[in-house]
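# Topology and contacts: notes
Here is how the chains run, residue by residue.
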Amino acid sequence: MEYRFKDSLFLYVVEGNDDENKLRQLGVKHIVKTNGKFIRKEVISFLKLAQEKRDLILLLDPDGPGREITKKLTSCLENYIVVKAVKSETISKNKKKVGIGNMRIDNLKNLLDVFLIKDNEIDEKPSLSKEDFISLNLSLFENRKLKEMIREKYSILYSSSKMIYQSLLILKITKEEISSLIKGDKNDWKRESSFHFR
């Protein structure tokens, strides 16, 4: 049976900043970093949520730690494609490091070509506009409680407004979903308050 891709941009999973920067040069929009082999449980939780909306491309270094990360992720995820780079193409100029970030851009493009072509064919509208994000007060520095609630609900690792917004786009979260979450939290607060004052 042939696998049918979701009608969404792919989510690329890489190890670190150099890998992310290389993918950005190719125009990739959605990237999650494992930040090495000791993957935080929040990263896995986030990827489990994301795989409901997007196909995951696991693009990890062809070395021992990269294989460990791949094994860990494939044991707990379902919607993924493992893309394996040729090790000789990932070795740094000084021959001391192995990593996707060391690849020549044309080699990386060839490796990912089928996925990049599909991404270019998708006309994905953002699930949440920047204006909606701002209107929900999620861009305000002072709104830490609301940001923390959103981060906890969706296993978002980062606390900056920009990263929260990017994570919500990856998960295809809408303004309505966030509004409902906020209203639910306010109702919980009212119930707690009324309980304390009786």
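Right above here is the structure, for reference.
A brief report on the enclosed structure follows. Position labels on residues start from 1 in each chain and follow its written sequence. Side-chain atom pairs in this predicted model are given and counted only at pLDDT of 80 or more, local residue features only at pLDDT of at least 70, and totals for whole chains, interfaces and linings cover all residues. Only hydrogens and water are removed before side-chain values are computed, so all heavy atoms of the structure are retained for them.

### Remarks on the environment of S155
Within the fold, S155 resides in the loop between α6 (144–154) and α7 (161–170). The contact definition used throughout considers only heavy atoms, calling two residues in contact when any of these lie within 4.5 Å. Excluding its chain neighbours within four sequence positions, the residues that come into contact with S155 are E42, S45 and F46. In DSSP terms, a helix is any run of H or I states spanning at least four residues, a strand is any run of E spanning at least two, and both are numbered starting from the N terminus.

### A short note on the packing of helix α1 (residues 17–25) against helix α4 (residues 105–121)
For the pair α1 and α4, the least separation of the axes is 10 Å and the interaxial angle reads 80°. One way to sum up the angle between α1 and α4 is to call them roughly perpendicular. Mapping the contact onto sequence places K22, L23 and Q25 in α1 and I105, L108 and L112 in α4. Gly is placed with the polar residues, together with every amino acid not listed as nonpolar (Ala, Val, Leu, Ile, Met, Phe, Trp, Tyr, Cys and Pro) or charged (Asp, Glu, Lys and Arg). Of the residues belonging to the contact of α1 with α4, the class tally is four nonpolar, one polar and one charged. Axis geometry follows a simple rule: fit a line to the C-alpha atoms, using only the stretch in contact for helices, then measure angles between N-to-C directions, giving values from 0 to 180 degrees. Put simply, angles under 35 degrees are roughly parallel, angles over 145 are roughly antiparallel, angles from 65 to 115 are roughly perpendicular, and the rest are oblique.

### Looking at α7
Accessible area is worked out with a 1.4 Å probe on protein chains only. A residue is then buried under 20% of its type maximum, exposed over 50%, and partly exposed in between. For α7, the buried fraction is high: seven of the 10 residues fall into the buried class. Considered for burial, the residues of α7 that qualify are S161, I164, Y165, S167, L168, L169 and I170. Immediately beyond the C-terminal end of α7, within one or two residues, lies K172, with a positive phi of roughly 60°.

### Focus: the nonpolar core
By nonpolar core is meant a set of buried Ala, Val, Leu, Ile, Met, Phe, Trp, Tyr and Cys residues that side-chain atoms within 4.5 Å join together. Grouped together as the largest cluster of nonpolar side chains are 35 residues, with contacts concentrated most on L47, L73, I150, L168 and I178. Discounting residues that sit within four places of it in the chain, L73 has contacts with V13, T34, I39, I44, L47, L58 and L60. Of all hydrophobic cores here, the second largest spans 16 residues; its members include Y12, V14, I57 and L59.

### Points about the pairing of strand β1 (residues 11–14)
Neither face of β1 is exposed, since L11 and V13 on one face and Y12 and V14 on the opposite face are all buried. For two strands to be treated as a pair, DSSP must find at least two bridges joining them. Where β1 lies against strand β2 (residues 31–33), three bridges are found, and the strand directions are parallel. Looking across to β2, one finds that V13 is bridged to V32. In this region the chain leaves β1, passes through α1 and returns to the parallel neighbour β2; the handedness of that crossover is right-handed. When the strands point away from the viewer and the path from the first strand over the helix to the second turns clockwise, the crossover is right-handed.

### Section: the sheet that holds β1
Note: strands within a sheet are paired through backbone hydrogen bonds, in either parallel or antiparallel orientation. The four strands are arranged β2-β1-β3-β4 in an open sheet whose pairing can be described as parallel. Each of the sheet's edge strands pairs with one partner strand only, and the pair in question is β2 and β4 (80–82). Strand after strand, the sheet turns through a mean of 25° between neighbouring axes, direction not considered. When strand β3 (residues 56–58) meets β4, the two strands line up parallel, connected through three bridges. Following the sheet pairing, L58 is matched in β4 by V82. With respect to the sheet, α1 is in contact with β1 and β2, its orientation differing from that of β2 by roughly 170°.

### A look at the pattern of salt bridges
When a carboxyl oxygen of Asp or Glu lies within 4 Å of a side-chain nitrogen of Lys or Arg, that pair is called a salt bridge. For the coordinates displayed, the defined rule picks out 10 salt bridges. Of the charged contacts in the structure, one is a salt bridge between E20 and K33, with a shortest N-O distance of 3.3 Å. Of the two residues, E20 is situated in helix α1 and K33 in strand β2; the sequence distance between them amounts to 13 residues. Take E20 and K33: they sit in the same class, and that class is buried. D132 serves as the salt-bridge partner of K175, at 3.7 Å between the closest nitrogen and oxygen.

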